[in-house]
Amino acid sequence: MKKYTLAVDIGASSGRLILGFLENNALQLEEIHRFSNNIVKKDQHFCWDIDKLFSEIKKGIKKCNDLGIKPASIGIDTWAVDFVLLDEHGELVTDAVAYRDDRTNGVMEEVFQKISKERLYLETGIQFQKFNTIYQLYAIKKNNPEVLDKAKTFLMIPDYFNYLLTGKAANEYTNASSTQLLNAFTKKWDKELLETLGINASIFQEIKLPNTVLGNLKEELVDEFGFDMKVVMPATHDTGSAVIAVPELNDTIYISSGTWSLIGVENRFPICITKALDYNFTNEGGIDYRFRFLKNIMGLWMIQEVKRNYDNRYSFAEFVDLAKEANDFQAIVDVNDDRFLKPDNMIEEIQKYCAETNQNMPTTPGEVAKCVYDSLVASYKGAIDEIEEIFEKPFPSINIIGGGCQNEMLNQLIADATKKSVYAGPIEATAIGNIVSQLMALEEVKDISEARRIIKSSFEVKQFDARENEAVK
Ligand code: LFR
């Protein structure tokens, strides 16, 4: 009998439930539910609508019944860094504030007064992003200390959903590493760091590794769904799951392309040298204690916002066509400038940046899109140069995974600019990584090497090579 696993993959703009199963040693996927995810304003803060997200997860699970399928397990992954706090009764004492909220403005600098930037990097290996959990918690400590006094349990977003499903509180390792509160070497919560910051260490839960069965569904949910299943912790950080699904990693740089572009390599150890700190690379914990040495690049968020600011008049495919028509237009913005994290209006922010830097100002939708794509490519190229400098060797190929790898124009531009072979796929990398992690927990797949072999033979990967005389101008 086929053993089905159910992957819940929620990103910053949408969530999906995907069934996965092995057939003749090939991995098959079937999407059964999709929903949107939006940031909502609550009490002056941008938050995730966590109740709506959980009710969508439940809706998706119930759809299994309509299909006559009882999955053996479920695994949840989402974006990183965000969390909730629970009181002694297991009730929420915080909203799920979103990382794009501005409560952490200036907080990073305050934390550096307590612990130097260099020491923080040496211990955690994590990049400096103003929205990291460490700065979010410190902002609460400063502005709402009573909330931290009441808090008994710290759960990241997928941990919280797992808690709702099983009643068990635990922190999954890959996501926990994104907090910048985990020691990269002991892989445990850094108690000394927490003490330095005055954050109660007892709210943090036991760290569990990906591929762990957390438990079964709570009884009331078994009654509601009509079946039980195991709740597995995959790499609950979506990027962690996505990178599991990179079929071939030797001498390859990956780009996990979605709302963010995560560009980097997989490593057996964290690299905390000064150059890595200066270039702001991170060492996120991965499956099998592998590390993702990567850099966050603002990613398709730029074009998602542009699309929204044009009142969704053009589809993503139309933006690509319009950008091609605006081929002669040239202007580059630094996509990683914090001003693009959550501007009131992305189009105007891009235009202002171009005016301030004495460049042509994009005015038509095609020119704005061309500017975004060229700027992303320039930023990828810069990050690749930094990786090659740190590793003191060239990486001949790039593997783009995730929804963004469907943008063939962008893939080609990346090949042209870097003069490297670009491989695009698998598109559903995050769900695939989530599913193979469950299959490993269920002992259907032996290890990550076998998982990658299966992935390589199951999904299409397209190749793009550099065209002569083409490069980002
Ligand atoms: C991608 C991602 C990135 C993380 C960012 C914020 O979805 O998880 O890895 O840096 O979102 O959590």
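Worth saying up front: this structure is predicted, and the values here are computed from it rather than measured. (Residues numbered from 1 in each chain as written. Predicted model: local features only at pLDDT ≥ 70, side-chain atom pairs only at ≥ 80, totals over all residues.)

### Here's the deal with the nonpolar core
Met302, Val372, Tyr380 and Val436 are the most contacted members of the largest nonpolar core, which totals 135 residues. Examining the composition of this core, we find that 11 residues originate from one element, helix 15 (residues 365–391), more than from any other. Both domains that meet at this core, namely domain 1 (4–238) and domain 2 (248–425), each give it at least three residues. (Core = buried A, V, L, I, M, F, W, Y, C linked by C-beta atoms within 7 Å. Buried ≥ 20, exposed ≤ 12 C-beta atoms within 10 Å, placed from the backbone. Helix = DSSP H or I, 4+ residues; strand = E, 2+ residues; numbered from the N terminus. Domains from an automatic or database assignment.)

### Remarks on the sheet that holds strand 6 (residues 73–78)
The six strands lie next to each other as 3-2-1-6-12-11, forming an open sheet whose pairing is mixed. Whereas interior strands pair on both sides, the edge strands pair on one side only; in this sheet they are strand 3 (26–36) and strand 11 (212–216). Across the sheet, the axes of successive neighbouring strands diverge by a mean angle of 25°, strand direction being ignored. Pairing analysis gives four bridges linking strand 11 to strand 12 (residues 230–233), with the strands arranged antiparallel. Pairing of Asn216 across the sheet is with Lys230, part of strand 12. (Pairing = 2+ DSSP bridges. Axes fitted to C-alpha atoms, helices over the stretch in contact; angles between N-to-C directions.)

### Comments concerning the UniProt feature "binding site: ATP" (unreviewed entry) in the chain
The positions that UniProt labels "binding site: ATP" (unreviewed entry) are, in the present scheme, Ala12, Ser13, Ser14, Gly15, Arg16, Thr259, Gln304 and Gly403. Checked against the element boundaries, Ala12 lands in the loop between strand 1 (5–10) and strand 2 (14–23). Filtering out sequence-adjacent residues up to four positions away, Ala12 remains in contact with Asn37, Trp79 and Thr259. Examined against the element boundaries, Gly403 turns out to sit in the loop between strand 17 (397–401) and helix 16 (408–418). Those residues in contact with Gly403, other than ones at most four positions away along the chain, are Ser257, Gly258 and Ile427. (UniProt positions renumbered as here; feature names shortened; annotations may be inferred. Contact = placed C-beta atoms within 7 Å.)

### Digging into the environment of Leu341
In this fold, Leu341 is placed in the loop between helix 13 (316–325) and helix 14 (346–356). A count of 16 C-beta atoms within 10 Å places Leu341 in the partly exposed class. Separated by 39 residues in sequence, Leu341 and Met302 have C-alpha atoms that sit 8.7 Å apart.

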